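Here are the chains, one letter per residue:
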Amino acid sequence: MEFEKNILCIGAGYVGGPTMAVIAAKCPRYRIQVVDIDKERIEAWNSDHLPIFEPGLHDLVRKTRDKNLFFSSEVQRGIQDSGIIFVSVNTPTKTFGQGAGRAADLQYWEKTAREILSYSKSSKTVVEKSTLPVRTATAMERILNGNTRGMSFEVVSNPEFLAEGTAIQDLENPDRVLIGSRETPEGIKARKEIVEIYANWVPRERIIESNVWSSELSKLAANAFLAQRISSINSISALCERTEADIDEVAYAIGMDSRIGLRFLKASVGFGGSCFKKDILNLVYICENYGLEKVARYWQAVVEINDWQQSRFIQNMLANMFNTVAGKRLALFGFAFKANTGDTRESPAIYIAQGLIEERAQVVLSDPKALENAKKDLKKFEDQIIFEADPYRAAEGAHAIAILTEWDLYKTLDYDRIFDSMAQPSFIFDGRNILDHKRLFEIGFNVFAIGKSPLKHF
Ligand SMILES: NC(=O)c1ccc[n+]([C@@H]2O[C@H](COP(=O)([O-])OP(=O)(O)OC[C@H]3O[C@@H](n4cnc5c(N)ncnc54)[C@H](O)[C@@H]3O)[C@@H](O)[C@H]2O)c1
C-alpha cells in the first residue's frame, strides 16, 4: 500500500509511543515509525509487554503495529524515509555545570538535531514535541540549516499536553492542540502540514496556531499553572490542619466559583511526575537569565511548597507515632506518582520512603503497577525494603499505612480485615484524601488526612 505521508518520531517514551499510536490509529493512510536508541525499549514496544502502562494503549498498539505503526532502532533509516520528524526525546533537568538543578539538559535534543542533519538527504519539517526552553527553535534551526547540501528545515513547535494515566483519552480528545511556527511563508506551510495531521480527528477550532515562541512558552506556563494550583491548595491544607477547617470543604467552596473551577484543587502529599518540577525549574532559570528575579522567585515557591508538603507528611507520621518509627513496619500503599500509571519519576513516594528508611522504619511498598520502577528508584535501599504487590499482605503486622497514590483499589479494600492484621494502635495517613476517614476511625484506626483534623482514639 502506498502511504500518503511518512512520519517519524524520535524517542519512544511516555510521549512518543502513545502519541504515535493515536496518530497511527486515526490516520491509517500515514506510515508512522517510532525510533529510539534504547533497543530494549523498542523490543518491548514490539512485544506483548509494552514498556509503559497507559489505559487503552495496548489495544491501540495491537491494532496498528506492523500495519502503519512501526517501532525500530534504525534511527538513520527512519530519518531518511520521512518528511516530517517529531522529536520527543527526554529533556531532563541538568545535573552538571551552569544551571545544574534547574536548566533543561538539552544534550539529547541537540544530538538528535545533529543526527537529523547528518542522515537527511532532503528537506524536512522537524517538530518539537519535547518540552523545551522558549527560543530553542532558534538553536535547532541554526544547527539544521547550517548545512551546505541545499536542504532546508522548518522547525515547528507542537508541545504535548497529555497527562499520564489518561494519555490515550487526552490524545484522542484533546482540549486543544498547539502548533507554532515562524511566520514566514515556509514556516506557515510547515505549520499547516502539522495542522493537517491533527485535523484528521481533532475539531478545527481546537487546533490553535501561534508563533513558535508562544508555543514553546505556553507549554512551560501551562505546567507551571497546573502545579501552582496544587501548591496553592496544599499551602491552605497546612492552615486547615491548624484551624479545624477541612481542606475538601474549602476546595469545594472555592472551586464552585466558575472563575476558579474545581479541577486540580485536590490536596495531597504533593505533585510528582517527570514534568512539573523540571519545567518550573526551567522556567525559573529562564526568568533569571532574562533578569526577571521576582518572576523567578514567584514560580520557585511553587516547587518549595511541594517539597515542604512532602517533608511535612513524614514529620506528621513521626510526630503522631510517638516520635519514632525505628523498627516499625510501615506499609506504603502506592508508589506511582499518580493513579493509572506505572511511572514513578519524581513521585513523592520516593522521597517519603527514603525519609522513613532514614528513620530506620521497616518499609513495605505496595503498588499494582509501579513496583518494578520502585525497585530501580530505591536500589540503594533494596535490602531495607519489602516489595509486596498484595496490599493485605503488605499491611500484615504493620503499625501504619500511608496512602501515597490515589489508586481506586485502595478505596475498596476490606479495612476491617486489614485492621485485625495490624499492630496496635494502628494508624492510617491518607496522603491523597481518598478513604472514608470516619468509617476507618470507627473500625479503630487513628486517621490522619491532609488538611483535616486528625481522628484519634487517644
Ligand atoms: N511524560 C509526560 O507526561 C510528558 C507530557 C508532555 C511532555 N513531555 C515532554 O516530552 C519529552 C519526552 O518525555 P517522555 O516522558 O516521553 O520521556 P522518556 O524518557 O520516556 O522518553 C524519551 C526517549 O527518548 C529516547 N532518546 C533520547 N535520545 C535519543 C536519540 N538521540 N535518538 C533516539 N532516541 C533518543 C530515550 O531513549 C527515551 O526512550 C520531554 O521533553 C518531556 O518533558 C512529557
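Given the structure is predicted, the values throughout are model-derived calculations rather than measurements.

Asker: Any chance you could explain unusual backbone geometry here in plain terms?
Answerer: The phi torsion of most residues other than glycine is negative, and most of the peptide bonds are trans. Here glutamine 424 and proline 425 are connected by a cis peptide whose omega angle stands at -5°. Within the secondary structure, proline 425 sits in the loop between helix H16 (415-421) and strand S13 (427-430). Of note, glutamate 244 is a non-glycine position whose phi angle comes to about 65°, a positive value. The residue glutamate 244 is located in the loop between helix H9 (212-243) and helix H10 (247-255) in this model. Judged by relative accessible area, which is 69%, glutamate 244 ranks as exposed. Residues other than glycine seldom take positive phi values, yet phenylalanine 322 does so here, at roughly 65°. By the secondary structure assignment, phenylalanine 322 is in the loop between helix H12 (293-320) and strand S9 (329-333).

Asker: Before we go on, may I ask you to explain the sheet that holds S9 in this structure?
Answerer: If you walk across this open sheet you meet the six strands as S11-S10-S9-S12-S13-S14, and the pairing is parallel. At either end of the open sheet lies a strand with only one pairing partner, and these are strand S11 (385-387) and strand S14 (446-449). Adjacent strand axes in the sheet meet at a mean angle of 20° when their direction is disregarded. Where S9 meets strand S10 (residues 362-366), five bridges bridge the pair, whose relative direction is parallel. The partner of leucine 332 across the bridge, within S10, is leucine 365. Against the sheet, H12 touches S9, strand S12 (400-403), S13 and S14, its axis set at about 165° to S13. Where helix H13 (residues 348-358) meets the sheet, its contacts fall on S9, S10 and S11, and the angle it forms with S10 comes to roughly 160°.

Asker: In this structure, what is going on with the site of the ligand? I would like to understand it.
Answerer: Asp36, Arg41, Thr91, Glu164 and Lys278 are the nearest of the 26 residues found near the ligand. One of the backbone N or O atoms of tyrosine 14 is found 3.0 Å from an oxygen atom in the ligand. A distance of 2.6 Å separates an oxygen atom of the ligand from a polar atom in the side chain of aspartate 36. Coverage of the ligand by the protein chains reaches 93% of its 830 Å² of free accessible surface. No other element matches helix H5 (residues 107-119), which puts three residues into the shell around the ligand.

Asker: So what exactly am I meant to see when it comes to the pattern of salt bridges here?
Answerer: Any two side chains of opposite charge can pair, so long as their charged atoms come close to each other. Tallying each qualifying case throughout the model produces 31 salt bridges. The partner of glutamate 160 in a salt bridge is lysine 129, with the nearest N and O atoms 2.8 Å apart. Within this pair, whereas glutamate 160 is found in the loop between strand S6 (153-157) and helix H7 (167-172), its partner lysine 129 is found in the loop between strand S5 (124-128) and helix H6 (136-145), the two being separated by 31 residues in sequence. Here lysine 129 falls in the buried class, since its relative accessible area comes to 3%. The salt bridge involving arginine 345 is made with glutamate 164; its shortest N-O contact spans 3.4 Å. Taken together, the positions of arginine 345 in the loop between S9 and H13 and glutamate 164 in the loop between S6 and H7 put the pair 181 residues apart, joining distant regions of the chain. Residue class for glutamate 164 comes out buried when judged on its relative accessible area of 10%.

Asker: In this structure, what is going on with the packing of H12 against H13? I would like to understand it.
Answerer: Helix packing for two helices is described by the angle between their axes and how far apart those axes are. For the pair H12 and H13, interaxial distance at closest approach is 10 Å and the crossing angle is 40°. The crossing of H12 and H13 is right-handed. For the pair H12 and H13, the contacting residues are Gln310, Ser311, Phe313, Ile314 and Met317 in the first and Pro348, Tyr351, Ile352, Gly355 and Leu356 in the second. Tallied by class, residues from the contact of H12 with H13 come to seven nonpolar, three polar and no charged.

Asker: Mind showing me how you'd approach the environment of proline 92 here?
Answerer: Within the element layout of this structure, proline 92 appears in the loop between strand S4 (84-87) and H5. Measuring from C-alpha to C-alpha, the distance between proline 92 and aspartate 105 comes to 5.5 Å, with 13 residues separating the pair along the chain. With residues near it in sequence (within four places) discarded, proline 92 still touches Ala103, Ala104, Asp105, Tyr108 and Lys278.

Asker: It is not clear to me how the state of the cysteines should be interpreted in this structure. Could you clarify?
Answerer: Note on terminology: a disulfide is the covalent bond linking the sulfur atoms of two cysteines. Tallied over the entire structure, the rule returns zero disulfides. Distance from the sulfur of cysteine 27, which forms no disulfide, to the nearest cysteine sulfur (cysteine 9) is 14 Å. The exposure class assigned to cysteine 27 is buried, which follows from its relative accessible area of 1%.

Asker: What exactly am I supposed to notice about the side chain of serine 215 here?
Answerer: Position of serine 215 among the secondary structure elements: in helix H9. A polar contact of 2.6 Å, which involves the side chain of serine 215, links it to the side chain of serine 157. Residue contacts for serine 215: discarding those within four places in its chain leaves Ser157, Asn158, Pro159, Leu178, Ile179, Gly180 and Ser210.

Each value, and the rule that gives it
- Residues numbered from 1 in each chain as written.
- Predicted model: local features only at pLDDT ≥ 70, side-chain atom pairs only at ≥ 80, totals over all residues.
- Heavy atoms only, no water.
- Helix = DSSP H or I, 4+ residues; strand = E, 2+ residues; numbered from the N terminus.
- Buried < 20%, exposed > 50% of the residue type's maximum accessible area, 1.4 Å probe, protein only.
- Pairing = 2+ DSSP bridges.
- Axes fitted to C-alpha atoms, helices over the stretch in contact; angles between N-to-C directions.
- Contact = heavy atoms within 4.5 Å.
- Near = heavy atom within 4 Å.
- Polar contact = N/O pair within 3.5 Å; in protein donor to acceptor, adjacent residues only side chain to side chain.
- Areas by Shrake-Rupley, 256 points an atom, 1.4 Å probe, with all protein chains shown as cover.
- Salt bridge = Lys/Arg side-chain N within 4 Å of Asp/Glu carboxyl O.
- Left-handed = near helix turned anticlockwise from the far one by under 90°.
- Nonpolar A, V, L, I, M, F, W, Y, C, P; charged D, E, K, R; others polar.
- Disulfide = S-S within 2.5 Å.

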